[in-house]
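# Observations on chain architecture
Below are the chains, spelled out letter by letter.
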Amino acid sequence: MKKHNFSAGPSILPQEVFEKSAQAVLDFNNLGLSILEISHRSKDFVAVMEEARATALELLGLEGKGYKALFLTGGASMEFVRVPYNLLKENGKAAYLDTGTWASGAIKEAKRFGTTEVIASSKNENYNYIPKGFAVPTDADYLHCTSNNTIFGTQMHSFPETNVPLVCDMSSDIFSRELDFSKFGIIYAGAQKNMGPAGTTLVIVKEDILGNTGRNIPGILDYSQHIAKESMYNTPAVFPVYTSLLTLQWVKKNGGVAALEKKNNEKAELLYNEIDRNPLFTGTAKTEDRSKMNVTFLLKDEAHTEQFDKLWKEANISGINGHRSVGGYRASIYNAMPLESVKVLVDVMQEFERTV
Ligand SMILES: *Cc1c(COP(=O)(O)O)cnc(C)c1O
């Protein structure tokens, strides 16, 4: 029986995406060939890549605004490296917001390239909030932030106004809400949280911010070269890109990012209301910074762990154990998560309250 999958990543995708991608493994476009055995330069796959790139920009409202979408490999972690390589000048300075494990991973890589200023951090409280009221240095080459902190269950609900290019790791909330995406110079997102299987990263680049570092950038790390080669600099991750396209088509068919945002708000509200109401649970993130994608919570009394775990497992729920750096529970309620599954979890929490 299909489980209610609250895994943080790789994670749930729409059921129809699983079905269509499985079909393409057997026979893609009635070619008599699997998608796994065709050339990435074949007409059929080039069409997939073009549509995926165009649909990503369309869903974010970025068509015709000087942006290019790429589907690269190496995970979001590779962009921790590509970003400073492409934007941090030889004697320049990068600015970073430290809001969690992934943000600090990005900072670690930037430091290898040059001066890296962490302008605000929430490390002092185990990243349970988003820092506010900081100043962005006007002489920075860029400011890097992480819109949703997958591990800690916090999310940026507003972004700094700044004159420097804004770079954002949106791995775990891409396509989940409306924003003015034209505020960003680079947006990147590993596919495996909200878009597709592991193996490709969506990178959206505003072309006019490139080419200013004076660095001799290796080809595979150079956004300009990936743009020039239309995201085919080397063999792309054919199957993850195809599966991501199926998800993007699903997003579009379901009313786009605005409609999904409404559903995501409903799911998050249902679950947070229960966490706040139920005397046995407590949320870990500061209320105003709570994530609508990853809901982190604890049992007030850990002695009840076994009992609660038994109940959710019996309810066919999977993947809600918290990350080791927070403990407790984390329910990831990405775009593809139906409201029904969140209701099952809430029912289990209420059942637990009755029986404990
Ligand atoms: C999962 C995650 C990453 C790491 O992604 P990889 O594809 O494994 O490199 C980076 N940033 C955020 C916000 C994530 O959630």
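In the nomenclature of an unreviewed UniProt entry, the protein is known as Phosphoserine aminotransferase of Flavobacterium beibuense F44-8. Per its UniProt entry, the protein bears the Subunit (unreviewed entry) comment "Homodimer." Entered under Sequence similarities (unreviewed entry) in the UniProt record, the comment concerning the protein runs "Belongs to the class-V pyridoxal-phosphate-dependent aminotransferase family. SerC subfamily."

## Observations regarding the sheet that holds strand 8 (residues 166–169)
The 7 strands lie next to each other as 2-10-9-8-5-3-4, forming an open sheet whose pairing is mixed. On the outer flanks of this sheet lie strand 2 (67–72) and strand 4 (115–121), each paired with one strand and no other. Taken over all neighbouring pairs, the strand axes of this sheet differ in orientation by 15° on average, direction set aside. Sheet strands touched by helix 4 (residues 101–111): strand 3 (93–98), strand 4, strand 5 (142–146) and strand 8. Its angle to strand 3, the strand with the most contacts, is close to 160°.

## Topic: the packing of helix 8 (residues 305–314) against helix 9 (residues 339–355)
Here helix 8 crosses helix 9 at 135°, and the two axes come no closer than 10 Å. By the criterion of interaxial angle, the relationship of helix 8 to helix 9 is oblique. Here helix 8 runs over helix 9; the crossing is right-handed. Seen from helix 8, the contacting residues are Gln 307, Phe 308, Leu 311 and Trp 312; seen from helix 9, they are Val 348, Met 349, Glu 351, Phe 352 and Thr 355. Taken together, the residues of the contact of helix 8 with helix 9 sort by class into 6 nonpolar, 2 polar and 1 charged.

## A few points about the site of the ligand
Around the ligand, 13 residues are found, and the nearest of them are Ser 77, Thr 150, Asp 169, Gln 192 and Lys 193. Between Asp 169 and the ligand, the recorded distance is 2.6 Å, taken from a side-chain N or O atom to a nitrogen atom. At 2.6 Å from an oxygen atom of the ligand is found a side-chain nitrogen or oxygen belonging to Lys 193. Coverage of the ligand by the protein amounts to 88% of the 390 Å² it exposes when considered alone. If you tally residues by element for the shell around the ligand, the top one is helix 3 (residues 75–87), at 4 residues. Among the residues making up the shell around the ligand, the classes are represented as 3 nonpolar, 8 polar and 2 charged.

## A short note on helix 4
Counting along an α-helix, one turn takes 3.6 residues, and residues three or four places apart therefore face a common direction. Every buried residue belonging to helix 4 is among Ala 103, Ala 106, Ile 107, Glu 109 and Ala 110, and all of these are buried. Angularly, the buried residues of helix 4 cover 165° about the axis, an arc narrow enough to put them on a single face. Among the exposed residues of helix 4, those oriented more than 90 degrees off its buried face are Lys 108 and Lys 111. The inward-facing, buried residues of helix 4 contact helix 3, strand 3, strand 4 and strand 5.

## Here we look at the UniProt feature "binding site: L-glutamate" (unreviewed entry) in the protein
In this structure's numbering, the residues bearing the UniProt feature "binding site: L-glutamate" (unreviewed entry) are Arg 41. By secondary structure assignment, the location of Arg 41 is in the loop between helix 1 (15–26) and helix 2 (43–59). In this structure Arg 41 touches Val 46 and Met 232, once residues within four positions along its chain are discounted.

Parameters and conventions
Residues numbered from 1 in each chain as written. Predicted model: local features only at pLDDT ≥ 70, side-chain atom pairs only at ≥ 80, totals over all residues. Heavy atoms only, no water. UniProt positions renumbered as here; feature names shortened; annotations may be inferred. Pairing = 2+ DSSP bridges. Helix = DSSP H or I, 4+ residues; strand = E, 2+ residues; numbered from the N terminus. Axes fitted to C-alpha atoms, helices over the stretch in contact; angles between N-to-C directions. Contact = heavy atoms within 4.5 Å. Parallel < 35°, antiparallel > 145°, perpendicular 65-115°, else oblique. Left-handed = near helix turned anticlockwise from the far one by under 90°. Nonpolar A, V, L, I, M, F, W, Y, C, P; charged D, E, K, R; others polar. Near = heavy atom within 4 Å. Polar contact = N/O pair within 3.5 Å; in protein donor to acceptor, adjacent residues only side chain to side chain. Areas by Shrake-Rupley, 256 points an atom, 1.4 Å probe, with all protein chains shown as cover. Buried < 20%, exposed > 50% of the residue type's maximum accessible area, 1.4 Å probe, protein only. Arc of directions from axis to C-beta.

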